[in-house]
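# Remarks on the overall topology
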Amino acid sequence: MRGVAWVLAMLAIAVAGCASGPSRNALRPIEGTPVAHQAQRESALAAMPAWSLSGRLAISNGKDGGSGRIEWRQDGPRFDVTLSAPVTRQSWRVTGGEGVAVLEGLEGGTRTGPDAAMLVFEATRWRIPVDALVRWLRGSGSPEAVLAYAADGRLQRLTDAGWIVDYAEWRNVAGVELPGRIEATQGEARVRLVVDDWSPGVQ
């Protein structure tokens, strides 16, 4: 429980801070069907294996909640994620890919294991599907995912691995449409993200 208290202290920014984000210009209407548009998006995403984002993350497990800044860098299968609270100047970092994950910055020292999500859960009791978020952040699911589309034909909801992922505020980044708001829920577990900046390539 001391690890949980540490994370709650670190995530001291108000959850309401994730309620708003920068406004974006409306995108052009999609061409073709929603399914065809999504297939074109996923093809473009596959051609962009390196990317990064910065934004604001809010987490809740139904009883406790908190929020902070998130920096995510992806280079193929390798990811490097840092969550920090500017108020307390504390942070923790999880890196991994290809079956190996490392969690640093929490009480008890560095932890390693094959599953990043399990490392985070065991240390903090927060359910953050790190490996799946690699896909979900950009609006792409596993082959078993069920997709639903908004009236404008863009992806609105993705159901995958027991999680429901909702999307809003799409924007054009280097010719690829990426979401500005993502909310993933599984029961009482909830992860909300407002993206302040998407960047093709690793910064």
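The model shown is predicted, which means the values in this text are computed figures rather than measured ones. Numbering of residues begins from 1 in every chain and follows the order in which that chain's sequence is written. Per-residue local features are limited, in this predicted model, to residues with pLDDT of at least 70; the limit for side-chain atom pairs, both in listing and counting, is 80 or more; totals at the level of whole chains, interfaces and linings are taken over all residues. To obtain the side-chain values, all non-hydrogen atoms of the structure were included, while hydrogens and water were left out.

## Some points on the pairing of strand E12 (residues 181-186)
The pairing of strand E9 (residues 163-168) with E12 spans 5 bridges and is antiparallel. Its bridge partner being in E12, Val165 is matched across the sheet by Ala184. Where E12 folds back on strand E13 (residues 189-200), the antiparallel hairpin that results is connected by 2 residues, among which Gly187 adopts a positive phi of roughly 60°. Pairing between two strands requires that DSSP report at least two bridges joining them. Starting at the N terminus, helices and strands are each numbered in turn, a helix being any DSSP run of H or I of at least four residues and a strand any DSSP run of E of at least two.

## Remarks on the nonpolar core
Nonpolar cores are built from buried Ala, Val, Leu, Ile, Met, Phe, Trp, Tyr and Cys residues. Side-chain atoms within 4.5 Å join them into one set. In this scheme, a residue with accessible area under 20% of its type's maximum is buried, one over 50% is exposed, and one in between is partly exposed, where area comes from a 1.4 Å probe on protein chains only. The biggest cluster of nonpolar side chains holds 45 residues, and the ones touching the most others in it are Leu53, Trp72 and Leu137. Residues contacting Leu53, with those up to four places away along its chain left out, are Ile70, Glu71, Trp72, Leu137, Leu193, Val195, Asp197 and Trp198. Whether two residues are in contact is decided by their heavy atoms: any pair within 4.5 Å suffices.

## Some thoughts on the environment of Val176
Mapped onto the secondary structure, Val176 falls in strand E11 (residues 176-178). In this structure, the C-alpha to C-alpha distance between Val176 and Ala44, residues 132 residues apart in sequence, is 6.6 Å. Those residues in contact with Val176 that lie beyond four places of it in its chain are Ala44, Leu45, Met48 and Arg171.

## Observations concerning the pattern of salt bridges
For this document, the term salt bridge refers to a Lys or Arg side-chain nitrogen within 4 Å of an Asp or Glu carboxyl oxygen. For the structure on display, the rule yields 12 salt bridges. A salt bridge links Asp80 to Arg93, with the nearest nitrogen and oxygen atoms 2.6 Å apart. Pair noted here: Asp80 is in strand E3 (residues 78-85) and Arg93 is in strand E4 (residues 90-97), with a separation of 13 residues, a long-range link. A residue is classified by how much of its surface remains accessible, and Asp80, at 12% relative accessible area, is buried. For Arg93, a relative accessible area of 34% corresponds to the partly exposed category.

## Focus: helix H3 (residues 116-124)
Looking at H3, one finds that the buried residues are Ala116, Leu119, Val120, Phe121, Ala123 and Thr124. Counted as a polar contact is a pair of N or O atoms within 3.5 Å, where, for protein atoms, one must be capable of donating a hydrogen and the other of accepting one, and residues adjacent in sequence contribute only when both atoms are in side chains. Structurally, the start of H3 carries an N-cap: the backbone nitrogen of Ala117 is 2.9 Å from a side-chain oxygen of Asp115. Just downstream of H3, Arg125 is the residue with a positive phi angle, here 70°.

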